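So you can see what is in the structure, the chains are spelled out below.
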Amino acid sequence: MKVGIVMGSASDRPVMDAAAETLRDFGVEHEVKIYSAHRTPAALEAWVSQLRERGFAAVIAAAGGAAHLAGVVAAFTTLPVIGVPVKSRSLEGLDSLLSMVQMPSGIPVATVAIDGAKNAALLAIEMMAITDKDLADRLADFRKAQAEKVLAAND
Ligand code: RP5
(Lines give C-alpha, C1' and ligand atoms only; values in the text may rest on other atoms or scores of the structure.)
Protein backbone atom coordinates (compact mmCIF):
# COMPACT_ATOMS: atom_id res chain seq x y z
CA MET A 1 0.00 0.00 0.00
CA LYS A 2 1.19 3.48 -0.86
CA VAL A 3 0.29 7.05 0.06
CA GLY A 4 -0.11 9.83 -2.47
CA ILE A 5 0.99 13.35 -1.64
CA VAL A 6 -0.24 16.10 -3.92
CA MET A 7 0.30 19.83 -3.54
CA GLY A 8 -1.03 22.77 -5.50
CA SER A 9 2.32 24.44 -6.16
CA ALA A 10 6.05 23.87 -5.83
CA SER A 11 5.90 26.69 -3.25
CA ASP A 12 4.11 24.22 -0.90
CA ARG A 13 7.09 21.87 -0.97
CA PRO A 14 8.96 23.21 2.10
CA VAL A 15 5.85 22.58 4.23
CA MET A 16 5.11 19.18 2.69
CA ASP A 17 8.62 17.78 3.01
CA ALA A 18 7.70 16.86 6.61
CA ALA A 19 4.96 14.52 5.32
CA ALA A 20 7.33 12.73 2.94
CA GLU A 21 10.01 12.50 5.66
CA THR A 22 7.55 10.95 8.13
CA LEU A 23 6.36 8.38 5.60
CA ARG A 24 10.00 7.60 4.79
CA ASP A 25 10.80 7.16 8.51
CA PHE A 26 8.00 4.58 8.75
CA GLY A 27 9.08 2.84 5.55
CA VAL A 28 5.84 3.71 3.77
CA GLU A 29 6.01 3.98 -0.02
CA HIS A 30 4.72 7.27 -1.38
CA GLU A 31 4.44 9.30 -4.54
CA VAL A 32 4.71 13.10 -4.51
CA LYS A 33 3.04 15.22 -7.21
CA ILE A 34 2.38 18.88 -7.91
CA TYR A 35 -1.04 19.34 -9.50
CA SER A 36 -3.37 22.26 -9.08
CA ALA A 37 -7.17 22.05 -8.98
CA HIS A 38 -7.45 25.25 -11.03
CA ARG A 39 -4.19 25.39 -13.03
CA THR A 40 -3.96 21.72 -14.08
CA PRO A 41 -7.41 20.18 -13.45
CA ALA A 42 -7.18 17.52 -16.19
CA ALA A 43 -3.77 16.27 -15.06
CA LEU A 44 -5.00 16.18 -11.46
CA GLU A 45 -8.03 14.08 -12.38
CA ALA A 46 -5.94 11.70 -14.48
CA TRP A 47 -3.55 11.05 -11.57
CA VAL A 48 -6.15 10.81 -8.79
CA SER A 49 -8.67 8.65 -10.61
CA GLN A 50 -6.27 5.70 -10.99
CA LEU A 51 -4.79 5.71 -7.46
CA ARG A 52 -7.06 2.99 -6.05
CA GLU A 53 -6.27 0.54 -8.83
CA ARG A 54 -2.57 1.34 -8.39
CA GLY A 55 -2.72 0.20 -4.76
CA PHE A 56 -2.79 3.48 -2.86
CA ALA A 57 -4.39 3.58 0.60
CA ALA A 58 -4.85 7.34 1.13
CA VAL A 59 -4.08 10.72 -0.41
CA ILE A 60 -2.64 13.76 1.35
CA ALA A 61 -3.61 16.97 -0.46
CA ALA A 62 -1.98 20.30 0.45
CA ALA A 63 -2.85 23.76 -0.81
CA GLY A 64 -2.97 27.36 0.27
CA GLY A 65 -5.42 30.20 -0.36
CA ALA A 66 -8.84 29.16 -1.68
CA ALA A 67 -7.59 25.63 -1.17
CA HIS A 68 -10.12 23.58 -3.11
CA LEU A 69 -7.47 20.99 -4.08
CA ALA A 70 -8.32 18.51 -1.31
CA GLY A 71 -12.06 18.66 -2.05
CA VAL A 72 -11.47 18.16 -5.77
CA VAL A 73 -9.13 15.22 -5.07
CA ALA A 74 -11.83 13.73 -2.82
CA ALA A 75 -14.36 14.15 -5.64
CA PHE A 76 -12.28 11.93 -7.93
CA THR A 77 -11.60 9.04 -5.51
CA THR A 78 -13.21 7.07 -2.70
CA LEU A 79 -9.82 6.70 -0.99
CA PRO A 80 -9.55 8.69 2.25
CA VAL A 81 -8.27 12.21 1.61
CA ILE A 82 -6.31 14.12 4.25
CA GLY A 83 -6.13 17.86 3.68
CA VAL A 84 -3.21 20.06 4.75
CA PRO A 85 -4.13 23.75 4.71
CA VAL A 86 -0.96 25.65 3.79
CA LYS A 87 -0.28 29.00 5.45
CA SER A 88 -1.20 31.68 2.89
CA ARG A 89 0.42 35.04 2.34
CA SER A 90 -2.63 37.25 2.91
CA LEU A 91 -4.72 35.43 5.52
CA GLU A 92 -2.07 33.27 7.22
CA GLY A 93 -3.84 30.04 6.25
CA LEU A 94 -7.30 30.77 7.64
CA ASP A 95 -8.64 30.76 4.05
CA SER A 96 -6.87 27.45 3.35
CA LEU A 97 -8.18 25.92 6.58
CA LEU A 98 -11.80 26.91 6.09
CA SER A 99 -11.93 25.83 2.45
CA MET A 100 -10.79 22.34 3.46
CA VAL A 101 -12.43 21.80 6.84
CA GLN A 102 -15.83 23.13 5.75
CA MET A 103 -16.39 20.56 2.99
CA PRO A 104 -20.10 20.18 2.26
CA SER A 105 -21.75 16.87 3.18
CA GLY A 106 -21.05 13.80 1.04
CA ILE A 107 -17.38 14.30 0.13
CA PRO A 108 -15.20 14.24 3.27
CA VAL A 109 -11.73 15.72 3.69
CA ALA A 110 -9.98 14.90 6.99
CA THR A 111 -8.32 18.25 7.62
CA VAL A 112 -5.26 18.65 9.85
CA ALA A 113 -3.81 21.87 11.28
CA ILE A 114 -2.41 24.70 9.15
CA ASP A 115 0.95 23.39 7.85
CA GLY A 116 0.21 20.10 9.68
CA ALA A 117 2.10 17.93 7.18
CA LYS A 118 3.59 15.58 9.79
CA ASN A 119 0.20 14.81 11.34
CA ALA A 120 -1.24 14.20 7.87
CA ALA A 121 1.38 11.52 7.30
CA LEU A 122 0.83 10.02 10.76
CA LEU A 123 -2.92 9.87 10.12
CA ALA A 124 -2.35 8.10 6.80
CA ILE A 125 -0.03 5.64 8.59
CA GLU A 126 -2.68 5.05 11.27
CA MET A 127 -5.22 4.25 8.54
CA MET A 128 -2.85 1.72 6.97
CA ALA A 129 -2.02 0.29 10.40
CA ILE A 130 -5.64 -0.86 10.81
CA THR A 131 -4.70 -3.90 8.73
CA ASP A 132 -0.88 -3.78 8.98
CA LYS A 133 0.35 -5.13 12.32
CA ASP A 134 3.99 -4.25 11.61
CA LEU A 135 3.06 -0.62 10.96
CA ALA A 136 0.90 -0.60 14.12
CA ASP A 137 3.93 -1.79 16.13
CA ARG A 138 6.07 0.99 14.63
CA LEU A 139 3.41 3.55 15.56
CA ALA A 140 3.42 2.27 19.14
CA ASP A 141 7.24 2.58 19.24
CA PHE A 142 7.01 6.11 17.83
CA ARG A 143 4.49 7.14 20.52
CA LYS A 144 6.68 5.63 23.24
CA ALA A 145 9.82 7.43 22.02
CA GLN A 146 7.88 10.69 21.73
CA ALA A 147 6.59 10.42 25.30
CA GLU A 148 10.08 9.60 26.60
CA LYS A 149 11.46 12.69 24.88
CA VAL A 150 8.87 14.91 26.56
CA LEU A 151 9.51 13.40 29.97
CA ALA A 152 13.31 13.60 29.53
CA ALA A 153 12.95 17.36 29.08
CA ASN A 154 12.11 17.53 32.81
CA ASP A 155 15.64 16.44 33.78
C1 RP5 B 1 -2.19 27.30 -4.16
O2 RP5 B 1 -1.82 28.63 -4.19
C3 RP5 B 1 -0.95 26.53 -3.84
O4 RP5 B 1 -1.26 25.37 -3.14
C5 RP5 B 1 -0.11 27.49 -3.02
O6 RP5 B 1 -0.21 27.22 -1.63
C7 RP5 B 1 -0.73 28.85 -3.33
C8 RP5 B 1 0.25 29.78 -3.97
O9 RP5 B 1 0.79 29.19 -5.13
P10 RP5 B 1 1.95 29.88 -5.95
O11 RP5 B 1 1.40 31.19 -6.42
O12 RP5 B 1 3.10 30.05 -4.99
O13 RP5 B 1 2.27 28.93 -7.07
O14 RP5 B 1 -2.73 26.88 -5.37
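Reading the values: rules and limits
Residues numbered from 1 in each chain as written. Predicted model: local features only at pLDDT ≥ 70, side-chain atom pairs only at ≥ 80, totals over all residues. Heavy atoms only, no water. Salt bridge = Lys/Arg side-chain N within 4 Å of Asp/Glu carboxyl O. Helix = DSSP H or I, 4+ residues; strand = E, 2+ residues; numbered from the N terminus. Axes fitted to C-alpha atoms, helices over the stretch in contact; angles between N-to-C directions. Parallel < 35°, antiparallel > 145°, perpendicular 65-115°, else oblique. Left-handed = near helix turned anticlockwise from the far one by under 90°. Contact = heavy atoms within 4.5 Å. Buried < 20%, exposed > 50% of the residue type's maximum accessible area, 1.4 Å probe, protein only. Pairing = 2+ DSSP bridges. Near = heavy atom within 4 Å. Polar contact = N/O pair within 3.5 Å; in protein donor to acceptor, adjacent residues only side chain to side chain. Areas by Shrake-Rupley, 256 points an atom, 1.4 Å probe, with all protein chains shown as cover. 1 Å grid on protein atoms, 1.4 Å probe; cavity = no way out; pocket = protein on both sides within 12 Å on 5 of 7 lines; lining within 4 Å. Sits in = over half its atoms within 2 Å of the grid points.

**Looking at the pattern of salt bridges**
Scanning the entire structure with this criterion turns up 6 salt bridges. Between Glu126 and Arg143 there is a salt bridge, and its shortest N-O distance comes to 2.9 Å. In this pair, Glu126 sits in helix H5 (residues 117-128) while Arg143 sits in helix H6 (residues 133-152), placing the two residues 17 residues apart along the sequence. For Asp134, the salt bridge identified is with Arg138, shortest N-O distance 2.4 Å. Linking Asp134 with Arg138, this pair stays in helix H6, spanning 4 residues, or about one helical turn.

**Quick notes on the packing of H5 against H6**
Where H5 contacts H6, the axes come no closer than 8 Å and their chain directions differ by 140°. By the angle class used here, H5 and H6 are oblique. Handedness of the crossing formed by H5 with H6: left-handed. Residue-level contacts link Lys118, Leu122, Ile125, Glu126 and Met128 of H5 to Leu135, Leu139, Phe142 and Arg143 of H6.

**A look at the pairing of strand E4 (residues 81-86)**
Judged by how many residues are buried, E4 sits mostly within the fold: 6 of 6 residues are covered. Going residue by residue along E4, you find Val81, Gly83 and Pro85 tucked away on one face and Ile82, Val84 and Val86 tucked away on the opposite face as well. Pairing of strand E3 (residues 56-64) with E4, which is carried by 6 bridges, proceeds in the parallel orientation. Within E4, the residue paired with Ala62 across the bridge is Val84.

**Concerning the site of the ligand**
The immediate surroundings of the ligand are formed by Gly8, Ser9, Ser11, Asp12, His38, Arg39, Ala63, Gly64 and Arg89. In the environment of the ligand, an oxygen atom lies 2.7 Å from a nitrogen or oxygen atom belonging to the side chain of Ser11. Arg39 places a side-chain nitrogen or oxygen 2.9 Å from an oxygen atom of the ligand. Considered on its own, the ligand offers 360 Å² of accessible surface; in the complex 76% of this is hidden by protein. Most atoms of the ligand, that is more than half of them, are within 2 Å of grid points of the largest pocket.

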